[in-house]
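Remarks on the overall topology
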Amino acid sequence: MAAMTKPLNLLLAALWSLSAPAFAADVTILNVSYDPTRELYKDVATAFAAKHRTETGDQVTVNASHGGSGKQARAVIDGLEADVVTLALAYDIDAIARTGLVGADWQKRLPNNAAPYTSTIVFLVRKGNPKGIKDWPDLIKPGVQVITPNPKTSGGARWNYLAAWGYALRQPGGNATKAREFVAALYKNVPVLDTGARGSTTTFVQRGIGDVLLAWENEALLSQRELGKDQFEIVVPSISILAEPPVAVVDKVVDKRKTRATAEAYLNFLYTPQAQELAAKHFYRPRLAEVAAKYDSQFAKVTTFTIDEVFGGWKKAQAEHFDDNGVFDQLGTANN
Amino acid sequence: MTRRVLPGFGLSLGYTVVYLGLIVLLPLSALAVKAAGIGFDGLWSILATPRIVAALKLSFGAAALSAVINAVVGLLVAWVLVRYEFPGKRLFDALVDLPFALPTAVAGIALTALYAPNGWLGQWLVPLGIKVAFSPLGVLVAMIFVGFPYVVRTVQPVLEALDRDVEEAAESLGATRLQTFVRVLFPLMLPALLTGVALALARAVGEYGSVIFISGNLPMQSEILPLVIVQKLEQYKYADAAAVGVIMLAISFGLLLAINMLQRWSRRWAER
C-alpha cells in the first residue's frame, strides 16, 4: 500500500506544481533584438527578473532573439510573437508599426525618442595609426582603405553612412552636393561591403584588410577590449551621429498574450540607474546624467547630431538614401 | 493484372502529387502570388536596372562557368575513383561529399580566410596579382566548391556499371584509347554528366551563404542575385524581392529544361 501512495503523492505534487504558477504569476516574455546587444540583454534579463520578483513576486523569464535588425523586424511582421522589440533603428520599428502590430505613436511613449541608451560612430585603426587618420577627411585620401558594411543590408551601416554625410554637411560651406561628393569618395575607398557589422569587424580584424573600420562606438570598444589595446586604437572624429537604437512594446502581441504590464515594466527598467549601468558596462552611452557622469572617462567627448535634425527622420533618410535608386545606389553605379 | 510493389496506383500517385504540391509547388506559388501585384511592366522595370543586370550576369555567368569546370574536374575525379586503386581511396571518396554536409556560411568563411590577402593561399596569390577573395573570382571559387559533389556523384555509378567488354570490343576492333573514350565511353556517360552539370548549376545559382562572405558584395562588381533579394527585403519591398526570385526561377527553369532536352537527345544518340 505504501508503495502505491508514494507515486500517487508524487503525481499530486507534480500536478500542484503545474497549477501553482496560476497563483504566483509566472510570465515569459520575448525580446526580439539585433545582433550586438546579445551580451547586454542577457545581463538586463537577469537584473530585471530579480528586481521584478522582489517587487511583485512574479517569476519573469525574458527570452531574447538576436539577428540582423531588418531581418528581426520582418520576423515580427511575419508572426514571431515578440512582446518587445529593441532594434538598431527606428525605421525597422516603423515598418512593424505600418502593419498595426505597434501603435504609430510608439516613439513618443518612452523618454528620449524611446532610445534608452545611445552610441555613436567612431573609427577603429591599427596600432600606431600608420595612415595618420584623425577625422573624416582622412578617409577619402587616396590609398586609404575603409571597411564598413553594406547600408543596403545592414541597419548599423546606415548610421555609418549618415554620420559621414552629416559631417560633410556641417562643414563650412557644406551642402547636399558636397556631402554627396564626400560620401561617394569615401565609398570609393571601400574594398569590401560585408552584409553585417560583425562581418566587417571580422574583415578588418581577422583578415587584416583595410586601414580603418567605421564602427559603432560600443563595438569598437568591445573589439579593443577583446583584442587588446596593443593592436587597435580608437579614433574619435570631430563630429559624428548620435545613434539611437529604439525600443517598443508590440501592442497586438502583449494584448493577446496578456503580458503588457510585464513588457512595459521591462522597457521602463531600461531607463533605471541599474540598467543604465549595465548599458555603460557594455559600452553603450547611458542617457541618465548621473550614470553618464560616472562612466565619463570611458567615452570620448564628441559633438553629435541626430538623424531628426539633419535628415528629417528615418523615413525620409531611408527613402532618399537607401531605397532602390536612392543616393547610395547612384553612388554605386557612378563608381563604374 | 501485374502486381505492383507499392500499394495501389491511385494511392501512390495521390501521395506523390500531394507531397510535391505541399513541399514544392505551394512555396513556389506563394512566391508567385507575392510577385503578382507587380505586373509585367513592373517586372521589366526591376530587371532593367543596371545593378540587377550586373548581378544577373554574375550569378548566372559564374554559375555556368562553375558548372562547366565541375563537369571536367568532376568527371576526372569520378574516373579516378572508379578505375584506380590507391591507398586512402575510401577517404577520398568520403571527402567528395563534404561540401554537401558543411553549412555554406562555414565554407564561405573558410574560403575567405584561405584567400584573403593574409590567408594561407592569398598571401602568395595576391602579390602575383590574382585577387580571389572579394572579387568575382571569389564568387566562382565558392560556386565550384558547393557544386563539386554533384558531378562526381552522378557520373560515378554510371562508370561503375559500365562493362569492360565494351572497351575491349572497341580495342579489338582497332580503336585507339582516345577513340574508345570519345566514341564509346563518353556518349554513355554524357546523360549522367549532364544531370550532374544541371544540379551543380542550379545549386550555384541559388547559393548565398558561402558567396556573400568571399565576394566583397560591391555593387556592379561582385553582387549576386540572392543578395539583391535580401536588399529588397531590407526595404520591406516584399513584392520586388519576390519578383527577382521569380525572374531567377524562370531563367533557371529554362536552363534546366534545355539541359534536360540535351540529356534526352544524348541518351537517344547513345542508344542508337
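Under an unreviewed UniProt entry, chain B has the name Sulfate transport system permease protein CysT and belongs to Tahibacter amnicola. Check the Subcellular location (unreviewed entry) section of the UniProt entry for chain B; it says "Cell membrane". In its Subunit (unreviewed entry) section, UniProt records this for chain B: "The complex is composed of two ATP-binding proteins (CysA), two transmembrane proteins (CysT and CysW) and a solute-binding protein (CysP)."

**Description of the environment of Thr28(A)**
Residue and element names in this part refer to chain A. Looking at where Thr28 falls in the secondary structure, it is placed in strand β1 (residues 26–34). Between the C-alpha atom of Thr28 and that of Leu214, which follows or precedes it by 186 residues, the distance is 37 Å. If sequence neighbours within four positions are ignored, Thr28 has contacts with Thr61, Asn63, Asp83, Arg257 and Thr259.

**Focus on the UniProt feature "transmembrane region" (unreviewed entry) in chain B**
Residue and element names in this part refer to chain B. According to UniProt, the "transmembrane region" (unreviewed entry) feature falls on residues 12–40, 60–82, 94–116, 128–152, 184–205 and 241–262. Span residues 60–82 is 100% helix and 0% strand, its end C-alpha atoms 32 Å apart. Between the first and last C-alpha atoms of residues 128–152 the distance is 32 Å; the span itself is 68% helix and 0% strand.

**A look at helix α2 (residues 38–56) of chain A**
An α-helix turns once per 3.6 residues; consequently, residues spaced three or four apart project the same way. All names here are of chain A. Helix length check: α2 (19 residues) gives 26 Å between terminal C-alpha atoms against 27 Å at 1.5 Å per residue, within 8%. Within α2, burial applies to Leu40, Tyr41, Val44, Ala45, Ala47, Phe48, Ala49 and His52. Within two residues after α2, Gly57 carries a phi angle of roughly 80 degrees, on the positive side.

**Some points on the confidence of the model for chain B**
Per-residue confidence for chain B gives a mean pLDDT of 90, with 98% of residues at or over 70. Across the interface, the model reports ipTM at 0.76; the global pTM reads 0.83.

Here is what the cut-offs are and how they apply
Residues numbered from 1 in each chain as written. Chains lettered and ligands numbered in written order. Predicted model: local features only at pLDDT ≥ 70, side-chain atom pairs only at ≥ 80, totals over all residues. Heavy atoms only, no water. UniProt positions renumbered as here; feature names shortened; annotations may be inferred. Helix = DSSP H or I, 4+ residues; strand = E, 2+ residues; numbered from the N terminus. Contact = heavy atoms within 4.5 Å. Expected span 1.5 Å × (residues − 1). Buried < 20%, exposed > 50% of the residue type's maximum accessible area, 1.4 Å probe, protein only. pLDDT = per-residue confidence, 0-100.

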